[in-house]
Amino acid sequence: MAFIIIVSIVIYFVLIAWTWQSLGFIEKTKKVGIIVIGIFLTYIITLIVFQIAKGDITYPNANIQNSIKNMLVAIFTGINGLIVMPQIGKMLDKINEDEIEKEQLTKRVIILLIIFIICLVFESGYMKNTQEGILKIYQTMVEK
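These numbers come from a predicted model, not from an experiment.

Analysis parameters
Residues numbered from 1 in each chain as written. Predicted model: local features only at pLDDT ≥ 70, side-chain atom pairs only at ≥ 80, totals over all residues. Heavy atoms only, no water. Salt bridge = Lys/Arg side-chain N within 4 Å of Asp/Glu carboxyl O. Helix = DSSP H or I, 4+ residues; strand = E, 2+ residues; numbered from the N terminus. Buried < 20%, exposed > 50% of the residue type's maximum accessible area, 1.4 Å probe, protein only. 1 Å grid on protein atoms, 1.4 Å probe; cavity = no way out; pocket = protein on both sides within 12 Å on 5 of 7 lines; lining within 4 Å. Points joined across faces, edges and corners; volume = space filled by probe spheres on them. Core = buried A, V, L, I, M, F, W, Y, C linked by side-chain atoms within 4.5 Å. Contact = heavy atoms within 4.5 Å. Axes fitted to C-alpha atoms, helices over the stretch in contact; angles between N-to-C directions. Parallel < 35°, antiparallel > 145°, perpendicular 65-115°, else oblique. Left-handed = near helix turned anticlockwise from the far one by under 90°. Nonpolar A, V, L, I, M, F, W, Y, C, P; charged D, E, K, R; others polar.

J.: Hey, could you go over the pattern of salt bridges for me, with residue numbers and the actual values?
T.: Two side chains that carry opposite charge are able to pair once their charged atoms sit near each other. What the rule picks out here adds up to 1 salt bridge. The shortest N-O distance in the salt bridge between Asp-56 and Lys-128 comes to 3.9 Å. With Asp-56 in the loop between α2 (28-54) and α3 (62-96) and Lys-128 in helix α4 (residues 102-143), this pair connects stretches of sequence that are 72 residues apart. Residue Asp-56 is classed as exposed on the basis of its relative accessible area of 63%.

J.: Could you give an account of the layout of surface pockets, naming the residues involved and the relevant values?
T.: Volume-wise, the largest pocket comes out at about 370 Å³. If you go around the largest pocket, you meet 19 residues; those closest to its centre are Leu-41, Val-84, Met-85, Ile-88 and Leu-112. Taken together, the elements giving at least two residues each to the lining of the largest pocket come down to α2, α3 and α4.

J.: Report on the nonpolar core, specifying residues and quantitative values.
T.: Counting residues in each nonpolar core, the largest one holds 17 residues, and the members touching the most others are Phe-50, Tyr-59, Ile-64, Ile-68, Leu-72, Met-127 and Leu-135. Elements supplying a minimum of two residues to this core: α2, α3 and α4. With near-sequence residues (within four places) excluded, Ile-64 lies in contact with Tyr-59, Leu-135 and Tyr-138.

J.: Give me the lowdown on the packing of α2 against α3, citing residues and values where you can.
T.: One can describe the packing of α2 onto α3 by two numbers: an axis separation of 7 Å at closest approach and a directional angle of 135°. Between α2 and α3, the angle is such that the two are oblique. As for the relative orientation of α2 and α3, their crossing is right-handed in sense. Together, Ile-34, Ile-35, Gly-38, Ile-39, Thr-42, Tyr-43, Thr-46, Leu-47, Phe-50, Gln-51 and Lys-54 of α2 and Gln-65, Ile-68, Lys-69, Leu-72, Val-73, Phe-76, Thr-77, Asn-80, Gly-81, Met-85 and Leu-92 of α3 make up the contact between the two elements.

J.: Give me the packing of α2 against α4: which residues, what numbers.
T.: The contact between α2 and α4 brings their axes to 8 Å, and the two run at 50°. As far as their axial angle goes, α4 and α2 are oblique. Between α2 and α4 lies a crossing whose hand is right-handed. In contact with Ile-45, Thr-46, Val-49, Phe-50, Ile-52, Ala-53 and Lys-54 of α2, α4 contributes Phe-116, Leu-120, Glu-123, Ser-124, Met-127, Lys-128 and Gln-131. When the residues that make up the contact of α2 with α4 are grouped by side-chain class, the tally is 8 nonpolar, 3 polar and 3 charged.

Have a look at this one:
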């Protein structure tokens with residue numbers, strides 16, 4: 001469990017540092033706001049993916065479901081943030097510096113959305129398999 005916590009902290013540290021760097025010359029207070037909003041939106045999207053992936057999986061009790069949900073959503077929020085937030089930060093910086101045209105921005109946003117949706121589809125399957133695996137381990141431990 002300690003390993004998972006350490007990896008999660010590293011993921012979030014890299015996410016925040018990379019996004020901060022990608023935001024370029026935007027004011028510090030705006031950077032903080034963008035990062036907080038980005039992590040929150042990524043959390044909501046990841047929570048929705050978890051609920052979809054959960055599907056018909058039956059948990060022995062609500063405590064186990066909440067523990068697994070909290071762990072997976074926390075980890076995957078950081079990973080999803082790494083996929084999207086630095087790229088969005090770069091786009092926002094280019095908008096701020098007037099370096100990008102509307103057509104280019106539209107194309108980049110569409111490409112980023114397509115990539116993100118594909119990642120979410122794969123992530124949903126992975127989350128389902130992970131939940132089932134954790135429950136199998138739990139059941140074998142309970143049986144012993």
